[in-house]
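The chain contents come next:
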Amino acid sequence: MPLRAPLALVLGLLLLVTGCGRAGSRPGSGTAAPAWSTAPSPTPTPVATPSPKRTGPPPPVRPRPTGLPAGLRKTTGVRGVALTFDDGPDPVYTPQVLDQLRAARVKATFCVIGSRARRYPDLVARIAREGHQLCNHSWDHDIELGRRSTAAIRADLKRTSAAIRDAVPDARIPFYRQPGGRWTAEVVAVAKELGMRSLHWTVDPQDWAKPTGPTITKRVTTAARPGAVVLLHDGGGDRRATMSACRHVIKDLKRRYGIVKLR
Ligand SMILES: [Zn+2]
């Protein structure tokens, strides 16, 4: 027994760590980090641990779509352009974006991930309080969500909206954006059934691929047209380049077209 107890602890900790990957796909994984940080650190040598059971969604049921379905919103409908920020809320970058938007006196749309909204309700509350638009971006950024069963899609979107409304009880969530832009007719239909329009984009500078700030700025400002919806990211990784680009992007777009809140 004296030997077994520490082994069990090590195995348990390994399971805890490997079970809560970046995506945080399991309920309660958001509370795993503090437990790890206060635990004794035995620096376990890699031993053959049983691979954690996958509790994620079942395999997709539909073929990969070949094109975009009908019914996607891609422009603002007016001359002004819209800024959209995906994959937050993030405790480092979302406040920086909000500060920049407030300083420039412009509104944006935040496509938030449900599991992150549950973890950072104060940030969701600030987004709403400062007059920005909220958009459902699925519970855990499941890029295959549109290929799953209608019931699975509905459950995911409802769970995400519920997490947003836990933070902001009277929140309006007029938009849904499919992770990865992997739209299907089915996900568009379920979003509509739940009162959300499907929000795509016009300009994607691919800031998620970590180009430099000046590159992001150049991509956005050269591709922007009247009515453009610009896709940027305030979560999901190191967004320092996006943050520095935003200073220029906001100023440039505001001057050339005006920045409008999506409605
Ligand atoms: Zn995303």
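Residues numbered from 1 in each chain as written. Predicted model: local features only at pLDDT ≥ 70, side-chain atom pairs only at ≥ 80, totals over all residues.

Peer 1: Describe the overall build of the protein, and please don't skip the residues or the numbers.
Peer 2: Along its length, the protein carries nine helices and seven strands. Residues counted as buried form 37% of the 263 residues belonging to the protein. (Helix = DSSP H or I, 4+ residues; strand = E, 2+ residues; numbered from the N terminus. Buried ≥ 20, exposed ≤ 12 C-beta atoms within 10 Å, placed from the backbone.)

Peer 1: How would you sum up helix α3 (residues 93-104)? Please name residues and give values.
Peer 2: The end-to-end C-alpha separation of α3 is 17 Å, in line with the 16 Å expected for twelve residues at 1.5 Å each. Of all the residues in α3, the buried ones are Tyr93, Thr94, Val97, Leu98 and Leu101. Buried residues along α3 cover an arc of 135 degrees about the axis, so they all sit on one side. Pointing more than 90 degrees away from the buried face of α3 are the exposed residues Asp99 and Ala103. Of the surrounding secondary structure, the elements contacted by the buried residues of α3 are β2 (82-88), α5 (121-129) and α9 (240-256). Trailing α3 by a residue or two, arginine 105 shows a phi angle of about 55 degrees, which is positive. (Expected span 1.5 Å × (residues − 1). Arc of directions from axis to C-beta. Contact = placed C-beta atoms within 7 Å.)

Peer 1: Just give me the short version of the packing of α3 against α9, but keep the residues and values in it.
Peer 2: Where α3 contacts α9, the two axes come as close as 11 Å, and the packing angle between them is 25 degrees. Classified by the angle between their axes, α3 and α9 sit roughly parallel to one another. Helix-helix and strand crossings are classified by hand; for α3 and α9 the assignment is right-handed. On α9, the residues that touch Tyr93, Gln96, Val97, Gln100 and Ala104 of α3 are Met243, Cys246, Arg247, Ile250 and Lys254. (Axes fitted to C-alpha atoms, helices over the stretch in contact; angles between N-to-C directions. Parallel < 35°, antiparallel > 145°, perpendicular 65-115°, else oblique. Left-handed = near helix turned anticlockwise from the far one by under 90°.)

Peer 1: Hey, could you go over the confidence of the model for the protein for me, with residue numbers and the actual values?
Peer 2: Per-chain confidence: the protein averages 85 in pLDDT, with 79% of residues scoring 70 or above. When the criterion is pLDDT under 50, residues 1-50 qualifies, and its contacts beyond four places in sequence or with other chains add up to 29 contacts. (pLDDT = per-residue confidence, 0-100.)

Peer 1: I'd like a description of the packing of helix α6 (residues 150-167) against helix α7 (residues 185-193), backed by residues and values.
Peer 2: Between α6 and α7, the shortest axis-to-axis distance is 10 Å and the interhelical angle comes to 50 degrees. By the angle between their axes, α6 is oblique relative to α7. Regarding α6 and α7, the two cross each other, and that crossing is right-handed. Residue-level inspection shows Thr150, Ile153, Arg154 and Leu157 of α6 in contact with α7, the latter providing Glu186, Val187, Val190 and Ala191.

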